Number of protein chains: 2
Amino acid sequence: MVDRIKTVTIKDVAKHANVSVGTVSRVLAKNATVKQPLLIRVNKSIELLGYKPNLAARALRANKDDVLGLVLPDITNPFFAQVAKEIELEAARHGLAVILASSFDDHEKEARQVRAILDRSPTGIIVIPSTDSLSFELPETIPIITIDRPVSNVHEGVFADQELGAALAADHVFELGHRNIVYIAGPKDTIVSEQRKQGFSARIKELCKGDPAFKLSVHHGLFDYEAGEKVARLVLENNSGSRPTAIVAASDQQAIGALREARDIGVIVPTELSIVGFDDIALANIVVPRLTTIRQPIEALAKTAVKRIIDPNSNEADLDLTCNLIVRTSTTKAPQ
Amino acid sequence: MVDRIKTVTIKDVAKHANVSVGTVSRVLAKNATVKQPLLIRVNKSIELLGYKPNLAARALRANKDDVLGLVLPDITNPFFAQVAKEIELEAARHGLAVILASSFDDHEKEARQVRAILDRSPTGIIVIPSTDSLSFELPETIPIITIDRPVSNVHEGVFADQELGAALAADHVFELGHRNIVYIAGPKDTIVSEQRKQGFSARIKELCKGDPAFKLSVHHGLFDYEAGEKVARLVLENNSGSRPTAIVAASDQQAIGALREARDIGVIVPTELSIVGFDDIALANIVVPRLTTIRQPIEALAKTAVKRIIDPNSNEADLDLTCNLIVRTSTTKAPQ
């Protein structure tokens, strides 16, 4: 009987060196971003195990594990589509294909989608969560990263500072003199919606403290066009006396829906009503009038998430994940 | 020495019965859509080979082959995002996960993406092609279907009748009295762009034959917002004397870009200028004014493509793939 020689794989090396497959792969590719101590450790494991990268290359190529799962609420939401595009671009740079699955904001469907992808032993999964916690047990061996929206039971998340972003919108409408303001929040069960609402309302209340004319009314809805239309209809139609002069929304889609509705009702934006969005999707710069909004760092979010999947132990500095105010023509001074 | 018993798989059954794995799977699921002769053939193979569906179920579940590749130009194009969503929904109904890859309208990248997915032995690949032919050798064993845009070297394509759809736009602007018309076509190297252009210009010329006032000018650009803005700027700014009264575009994105530009220049839509799009993306019903467009049967396109992947031999009747004119408020009678 002849001993069968087991081929040493890149995974064996990764396990031996206690690093991710991505790190070994970067060492093999002589990628300069690998830190010196890691480099030494990986090379030592390669030597000890007798790993032959050239022989293993074909096996690696045929390995179907090099996929990255991406679970998001709905690809037809332009913000998620932009995030997906950036994730795909970044994953491709690391030789990973992207498996896309939609949760349609359904908690159970989200759990099923994640489990189905886990069955394929992916390199990792990036989730844009549908609600504030993931309703499945988190695997120990496969990294799961949430992006854009934090959830309560996953520590590894990549997101911009939503409260700070929303506070920028508060600063902007306050400086323009708006004191009768409607805020359109997202669904109540998403942390990201609560954070934006909190960031906006805390700042605007602080700024307007003691002003007897100050009025803030908050409404909730989905992050879509329809929610924006609905809230705008409600607050513009039945409010001819004390009509708000500014609508600040938790998403660009809501803001664009509000623009649409204002037009239908005959309220002129921005002279009679200023509107602010959140995200800065491509469309924000196309609608009439162009939308003032809070820009999320979409590319940096995507790159950082993929980086963490590939090398969970990386302690490279994160990219800049700050939100910025982009002033366009949907906002102006409050009418006298 | 003991003979090892090879487990009979669903693939063996499919091969033996000369049908697709999807058909066997539908027979096993007692799906009523399988035709009687096929049903008998598959059941006979199951019996002859001694296939045990229950025993094989676990193996099937762990099989990483059950993925469907989807290669499209750019997921941030709202039309493609809607197609991707419908494909994902339909694929999920058949237990298939979707691997998404973008070509960014790059011929070579498209070929690389398809080859990378082929390496994973997918059930099939759906391609929305970047140009008029696919620059890779087509595999014999894995079905590749093009959707939306026909290409010259793939016979299996699923698309609506683009010429007929564009002719509906011609009928509409003609009936409204427009005789000075600008047509925005897509890129010259895509068949879909040529078909729409051909369908529109042939019909409008036929309708306006002999009318000395008739004028049609055709411009080419990408299918995006920017192309629409650019062409609109060109034809509206330098044409104060003989300004067109209608712009008909090969995509909603172009039409929405033209809307944007008309607004900037101060040309009022629809009283001074009618605008027609193509596709009927969700946004068409949100922009101001709401866009008259040619609706593509997105859901039927997606369902038909997935069906053909799963069961290439299916001769079920295709779903209705007709385009329809959707009249909204971006078109009206030509100014006198």
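Conventions and cut-offs
- Residues numbered from 1 in each chain as written.
- Chains lettered and ligands numbered in written order.
- Predicted model: local features only at pLDDT ≥ 70, side-chain atom pairs only at ≥ 80, totals over all residues.
- Heavy atoms only, no water.
- Helix = DSSP H or I, 4+ residues; strand = E, 2+ residues; numbered from the N terminus.
- Buried < 20%, exposed > 50% of the residue type's maximum accessible area, 1.4 Å probe, protein only.
- Contact = heavy atoms within 4.5 Å.
- Areas by Shrake-Rupley, 256 points an atom, 1.4 Å probe, with all protein chains shown as cover.
- Salt bridge = Lys/Arg side-chain N within 4 Å of Asp/Glu carboxyl O.
- Phe/Tyr/Trp six-rings, centres within 6.5 Å; stacked < 30°, edge-to-face > 60°.
- Lys NZ or Arg CZ within 6 Å of the ring centre and 35° of its normal.
- Axes fitted to C-alpha atoms, helices over the stretch in contact; angles between N-to-C directions.
- Parallel < 35°, antiparallel > 145°, perpendicular 65-115°, else oblique.
- Left-handed = near helix turned anticlockwise from the far one by under 90°.
- Nonpolar A, V, L, I, M, F, W, Y, C, P; charged D, E, K, R; others polar.

- Per an unreviewed UniProt entry, chain A is named LacI family transcriptional regulator, and its organism is Cohaesibacter celericrescens.

1. Focus on the overall build of chain A
Okay, so step 1: Scanning chain A from N- to C-terminus turns up 11 helices and 11 strands.
Okay, so step 2: The burial tally for chain A puts 55% of its 336 residues in the buried class.
Okay, so step 3: Within chain A, contacts between residues separated by at least 24 positions form 69% of all contacts whose residues are at least 6 apart in sequence.
Okay, so step 4: Of the roughly 15,200 Å² of accessible surface on chain A, a fraction of 52% belongs to carbon and sulfur atoms.

2. A few points about the pattern of salt bridges
Working definition: two side chains of opposite charge can pair if their charged atoms are close together.
Residue and element names in this part refer to chain B.
Okay, so step 1: In this structure the tally under the stated criterion is 24 salt bridges over all chains.
Okay, so step 2: The closest approach of N and O atoms between Arg233 and Glu261, which form a salt bridge, is 2.9 Å. Of this pair, Arg233 sits in helix α9 (residues 225–237) while Glu261 sits in helix α10 (residues 252–265); the two residues are 28 residues apart in sequence, bridging distant segments of the chain.
Okay, so step 3: For Lys303, the salt bridge identified is with Glu299, shortest N-O distance 3.3 Å. You can see Lys303 and its partner Glu299 sitting in helix α11 (residues 298–310), 4 residues apart, about one turn around the helix.
Okay, so step 4: Residue Glu299 is classed as partly exposed on the basis of its relative accessible area of 42%.

3. Side note on the packing of aromatic side chains
Okay, so step 1: Evaluation of the coordinates by the stated rule reveals 4 aromatic pairs over all chains.
Okay, so step 2: Relative to Phe80(A), the ring of Phe79(A) has its centre 5.8 Å away and its plane inclined at 55°; by these criteria the two rings are tilted. Exposure class is identical for Phe79(A) and Phe80(A). Each is buried.
Okay, so step 3: Both rings, one in Tyr183(A) and one in Phe200(A), keep their centres 5.0 Å apart while their planes meet at 15°; by these two values the pair is stacked. Here Tyr183(A) is found in strand β6 (residues 180–185), whereas its partner Phe200(A) is found in helix α8 (residues 191–207), with 17 residues between them in sequence.
Okay, so step 4: A cation sits over an aromatic face here: Arg196(B) above Phe278(B), 3.9 Å from the ring centre.

4. Quick look at the packing of helix α1 (residues 10–17) of chain B against helix α3 (residues 36–49) of chain B
All names here are of chain B.
Okay, so step 1: At their nearest, the axes of α1 and α3 sit 9 Å apart, and the two run at 125° to each other. Taken together, the axes of α1 and α3 lie oblique to each other. The interaxial crossing formed by α1 with α3 has right-handed handedness. Residue-level contacts link Asp12, Val13, His16 and Ala17 of α1 to Arg41, Val42, Ser45, Ile46, Leu48 and Leu49 of α3.
Okay, so step 2: Each residue belonging to the contact of α1 with α3 can be placed in one class, and the counts come to 6 nonpolar, 2 polar and 2 charged.

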